[in-house]
Amino acid sequence: MKNAVNDGVWSGSWVAERLGVELVGDDGLPALLGLALRRNPKRAHLLVSNVLGKHVPQSPSVVYGHGFRLGRRVAALLGEAETATAVVLGYAETATGLGHAVADGLGTAPYLHSTRRPVPGVARAGGFEESHSHATSHLLLPEDPGLLAGDGPLVLVDDEFSTGNTVLNTIRDLHERYPRRRYVVVALIDMRSPEDTERLRRFAEDIGARVDVVATASGTVRLPEGVLEKGQELVARYASADGAPSSGCGCDVAVRAVPHAPEAAHPHHSGDIARVDLHWPPGLPDGGRHGFTPAHRARLEAELPGLAARTAQALPAGTGRVLVLGFEELMYVPLRLAHELERVTDAEVRFSTTTRSPVLSLDDPGYAIRTRLVFPAHDDPADGPGERYAYNVAGAGFDTVVAVVDSLADTPALHAPDGLLARLAAHVPHVLLAVVPSYVPAPPHAPERPAMLPEPLRGPAFSSYAPEEVGWLLQDLSDVTLEAPTEEREEAIQSGGAHYAESLPVEYQPSERYQELFHAALDTSAARIARAAGVVTETVITERSPRPVLVSLARAGTPVGILMRRWAQFRHGLDLPHYAVSIVRGRGIDANALRWLAAHHDPRDVVFVDGWTGKGAITRELAQAIEEFEAQEGVTGFDPEIAVLADPGSCVRTYGTREDFLIPSACLNSTVSGLISRTVLRADLVGPDDFHGAKFYRELAGADVSVAFLDAVSARFPEVADTVDSAFKELMAEDRTPTWAGWRAVERISEEYGIHDVNLVKPGVGETTRVLLRRVPWKILAREGAGADLDHVRLLAEQRGVPVEEVGELPYTCVGLIHPKYTRGATGADGKAVNV
């Protein structure tokens, strides 16, 4: 394909020529897409949209027109009756504006986009992980809880439909809550493989719904042999220059790929910065984060001429080329403002937005990302501080940049010497800041609920633990058949046919050799576990509450909660209450269990306990669930931070250690957890006023080592008491701020190994063990030189025929990879058959 796009040169030619990458498909693909390099040894190229308004400044009429026309095509596909009942859902951050434009094309459809920004007081209507995310999970936070509850078509809009994983995750989550007969998936480009297309067809068949796909263009990317090695070589050659801001200005413009590439305009000029007051209409949402109705759309249309007129009046005299720069998820309002500005001024107007996504920049007309501005995040993001980027702004000849942010992002970091405004002013003569008020809905009223909840279950009637050790805020499902073979569960989960919490794996029965490994590991690590249990308990008593109420996350957290309770009794003579509750990824914590706790204890004394952190998904899940619960119930005081024995993912402040070592309770399932199954949440078994469920495997009593494990560890309390004191003092003096290093490592591994789903990457010894016991493992990554902590992992991998790959740079001792495309005739992400 030789369609010229930029100065007579296709903006993917530089990468295509050097890597041999080829776009195959519709003739319009090169006009829509360029190519860039990623700093990633497993996936070197990146598709860059020329018409999305994210990485490449583009005429706002072009950007808006593409989305609007897609909406008209969807309306024609659905027909008048179904269009009238349709709801449009867009994806953060790249497709928020595109989804708005599609909704405009439908005309009457309300619009909602997912968000990575938790909002206090707004209940979550759903959530899911993006397969290749650089950031946190997607949240769905509609102001109207009934927005997604209708049975009309749901239109899902993304910029690029590559594998379909994100769409499947979304439909899987929403269909269970709000089943409907029809879905339409909309994208600028559809680049799926035939296998991915077939997977979506099977998924639709399984859930009994029709799923249509509408795209501007379709095709695929052909990758020649050796493309990864070539990509690594190119990235290594240019990455060091790309990573160094030129002239201290935070802009990568010095990476020269051709002898006479044009210099960036105004590279050292210090432009002026001013504000423009848009007089934003009160109560009008700034976008679709909480829903954008046809009435909102009509009001915005009426206000746009005035908004654009005030912006045009603020433009300096003689302005010939203007960029309206949106902010991450805030794409639609800046786009519509730019579109209107294009109509009322003589200046050449372009539109793009800032982004979280890191891309290599090269100064060549045949490369899609010519320059890169780097600046710190300025909206206090949920996943912590980090770099943000504005691409192809420096050197583009703009006289004025109108930066549009919402009020939550108008922070000191935005105005700092290294902030976005200063970065822009270093390259553009004039910078105007327009701030749109962040819309936050009023909290809803809590519905009436039954006054009485059942008392906790206790041993020996439920679990092999003594009754005083733990009370289970669960319902007993022991008489229900819930188990399914591992391979059958994995296929159902990944195809979207089931959530992992709806069934149970068949309990792994360890071989004699594996049991020997467990006992050897316990002998080796009992003192280390005792020390960590002591340190985390001392931290809780010192910082959280002198008489904490321990609430462990069933079931991995329950042995740790009991050890903490025993330490408090041993060292301080305290008899602490301890309960176990259910939390389910993607569904949150058991709200009825929280109601019970709030009715019987001061929420300020409650400390949630888990065994270890992996990538931190449950840490995030709990924080969001507590926030939603308190907003809905009017109950306050719960602290969502988890206390853990080990925090190798650096996700929490309250921990016994940050080492990634073998905790023997991770080696087994119910037989080291009081003979209790993992928790179950299924609509036909768990009603809205019920505790989540679990099973008591009484029949496995002969193999039970639950109490033996606890006794072996607590027997070491006296010998580690002095080292606990010194370790606790050292910990109190340290900076324990979470770095979320584990989450970033998981994202990198997901990309490098072509998995594209962070849920299938399980970091740490404990999570890797779970992969081998409960899921369909693909391969195990082990840190070079890892010793006895991995003996049981190597044995399980050998028994299941799973390769163990030693890796040099790994923040964890090991990482388990779940099979990324599992069916019972599975092929791996590399297209080769694997043995499971």
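Worth saying up front: this structure is predicted, and the values here are computed from it rather than measured. (Residues numbered from 1 in each chain as written. Predicted model: local features only at pLDDT ≥ 70, side-chain atom pairs only at ≥ 80, totals over all residues. Heavy atoms only, no water.)

Peer 1: Summarise the overall build of the protein; cite the residues concerned and give the values.
Peer 2: Of regular secondary structure, the protein possesses 21 helices and 34 strands. Taking as baseline every contact in the protein between residues at least 6 positions apart, the subset at least 24 positions apart corresponds to 77%. Split by element, the accessible area of the protein, about 30,200 Å² in all, is 51% carbon and sulfur. (Helix = DSSP H or I, 4+ residues; strand = E, 2+ residues; numbered from the N terminus. Contact = heavy atoms within 4.5 Å. Areas by Shrake-Rupley, 256 points an atom, 1.4 Å probe, with all protein chains shown as cover.)

Peer 1: Which residues make up the sheet that holds strand S32 (residues 777-783), and what values do they have?
Peer 2: With mixed pairing, the 4 strands of this open sheet are ordered in space as S31-S34-S32-S33. Single-partner strands in this sheet number two, and they are strand S31 (761-763) and strand S33 (804-807). Taken pair by pair, the neighbouring strands of this sheet meet at an average axis angle of 20 degrees, ignoring direction. Bridge analysis of S32 against strand S34 (residues 814-818) gives 5 bridges, and the strand direction is antiparallel. (Pairing = 2+ DSSP bridges. Axes fitted to C-alpha atoms, helices over the stretch in contact; angles between N-to-C directions.)

Peer 1: If you had to explain the nonpolar core to someone new, which residues and values would you point to?
Peer 2: Leu37, Val88, Leu148, Val155, Val186, Tyr367 and Leu424 are the most contacted members of the largest nonpolar core, which totals 130 residues. Counting residues per element, this core draws most heavily on strand S9 (residues 182-190), which supplies 7 residues. In this structure, Val470, Ala533, Phe709 and Phe717 belong to the second largest nonpolar core, which totals 86 residues. (Core = buried A, V, L, I, M, F, W, Y, C linked by side-chain atoms within 4.5 Å. Buried < 20%, exposed > 50% of the residue type's maximum accessible area, 1.4 Å probe, protein only.)

Peer 1: Provide a residue-level description of helix H18 (residues 717-733), including the pertinent values.
Peer 2: When the terminal C-alpha atoms of H18 are compared, their 23 Å separation across 17 residues agrees well with the 24 Å that a helix rising 1.5 Å per residue should span. Helix geometry: H18 is bent most strongly at Thr723, by close to 35 degrees. Buried within H18 we find Phe717, Val720, Ala721, Val724, Ala727, Phe728 and Leu731. (Expected span 1.5 Å × (residues − 1). Bend = angle between axes of the 7 residues up to and from the residue.)

Peer 1: Help me get a handle on the pattern of salt bridges, residues and values and all.
Peer 2: What the rule picks out here adds up to 37 salt bridges. The salt bridge partner of Asp476 is Arg698, with a shortest N-O separation of 3.9 Å. A residue pair is termed long-range when its members are at least 10 positions apart, and Asp476 in strand S20 (residues 475-476) and Arg698 in the loop between strand S30 (693-694) and helix H17 (706-714) qualify at 222 residues. Arg566 is the salt-bridge partner of Asp711, the closest N and O atoms lying 2.9 Å from each other. Taken together, the residues span a long stretch of sequence, with Asp711 in helix H17 and Arg566 in helix H14 (residues 557-572) at a distance of 145 residues. Classification of Asp711 as partly exposed rests on a relative accessible area of 40%. Here the salt bridges share partners, and the residues they tie into one network are Glu469, Arg565, Arg566, Asp575 and Asp711. (Salt bridge = Lys/Arg side-chain N within 4 Å of Asp/Glu carboxyl O.)

Peer 1: I'd like a description of the packing of aromatic side chains, backed by residues and values.
Peer 2: All chains considered together, the criterion is met by 13 aromatic pairs. Pairing Phe292 with Tyr332 gives two aromatic rings, centres 6.0 Å apart and planes at 70 degrees, and the pair type is edge-to-face. Placement of Phe292 in the loop between strand S12 (272-275) and helix H8 (294-314) and of Tyr332 in helix H9 (residues 332-344) is noted, with a sequence separation of 40 residues between them. Owing to a relative accessible area of 2%, Phe292 belongs among the buried residues under this scheme. Plain terms: the ring middles of Tyr389 and Tyr391 are 5.9 Å apart, the flat faces sit at 15 degrees to each other, and that makes the pair stacked. In terms of burial, Tyr389 and Tyr391 fall into one category: buried. Put simply, the rings of Phe462, Tyr465, Trp472 and Phe696 pair up and form one aromatic cluster. Positioned over the ring face of Tyr64 is Arg336, at 4.6 Å from the centre of the ring. (Phe/Tyr/Trp six-rings, centres within 6.5 Å; stacked < 30°, edge-to-face > 60°. Lys NZ or Arg CZ within 6 Å of the ring centre and 35° of its normal.)

Peer 1: So what about unusual backbone geometry? Which residues, and what values?
Peer 2: With the exception of glycine, the majority of residues adopt a negative phi angle, and the majority of peptide bonds are in the trans configuration. Residues Gly459 and Pro460 are joined by a peptide bond in cis, for which omega reads 0 degrees. Considering the arrangement of structural elements, one finds Pro460 in the loop between strand S18 (430-436) and strand S19 (471-472). Along the chain, Ala554 connects to Arg555 via a cis peptide bond; the corresponding omega equals 0 degrees.

Peer 1: Could you give an account of the packing of helix H3 (residues 60-83) against helix H4 (residues 96-106), with specific residues and numbers?
Peer 2: Put simply, H3 and H4 touch, their axes get as near as 6 Å, and they point 45 degrees apart. Classified by the angle their axes make, H3 and H4 are oblique. By crossing handedness, the relation of H3 to H4 is classed as right-handed. In this structure, H3 contributes Tyr64, Gly67, Phe68, Leu70, Gly71, Arg72, Val74, Ala75 and Thr83 to the contact, and H4 contributes Leu98, Ala101, Val102, Asp104, Gly105 and Leu106. A per-class count over the contact of H3 with H4 returns 9 nonpolar, 4 polar and 2 charged. (Parallel < 35°, antiparallel > 145°, perpendicular 65-115°, else oblique. Left-handed = near helix turned anticlockwise from the far one by under 90°. Nonpolar A, V, L, I, M, F, W, Y, C, P; charged D, E, K, R; others polar.)

Peer 1: So what's going on with the pairing of strand S23 (residues 549-553)? Which residues, and what values?
Peer 2: Among the 5 residues of S23, 5 are classified as buried, and the element is accordingly described as predominantly covered. Of the two faces of S23, the one holding Val549, Val551 and Leu553 and the one holding Leu550 and Ser552 are both buried throughout. Taken together, the 4 bridges between S23 and strand S27 (residues 606-612) define a ladder with parallel strand orientation. Of the residues in S27, the one forming a bridge with Val551 is Phe608. Relative to strand S24 (residues 578-581), S23 runs parallel, the two sharing 4 bridges. Paired with Leu553 across the strands is Val581, a residue of S24. With H14 bridging S23 and its parallel neighbour S24, the resulting β-α-β unit is right-handed. (Right-handed = clockwise from strand over helix to strand, strands pointing away.)

Peer 1: Residues and numbers for the sheet that holds S9, please.
Peer 2: Pairing is mixed in the open sheet, where 6 strands are placed in the order S1-S10-S9-S8-S4-S5. Either end of the sheet is taken by a strand with one partner, and the two such strands are strand S1 (22-25) and strand S5 (111-113). On average, each strand axis in the sheet is tilted by 25 degrees relative to the strand beside it, whichever way the strands run. Taken together, the 4 bridges between S1 and strand S10 (residues 210-222) define a ladder with antiparallel strand orientation. Residue pairing in the sheet places Gly25 in a bridge with Gly219 of S10. Here H4 sits on the sheet in contact with strand S4 (87-90), S5, strand S8 (154-161) and S9, set at roughly 135 degrees to S8.

Nothing here speaks to function; it is geometry throughout.
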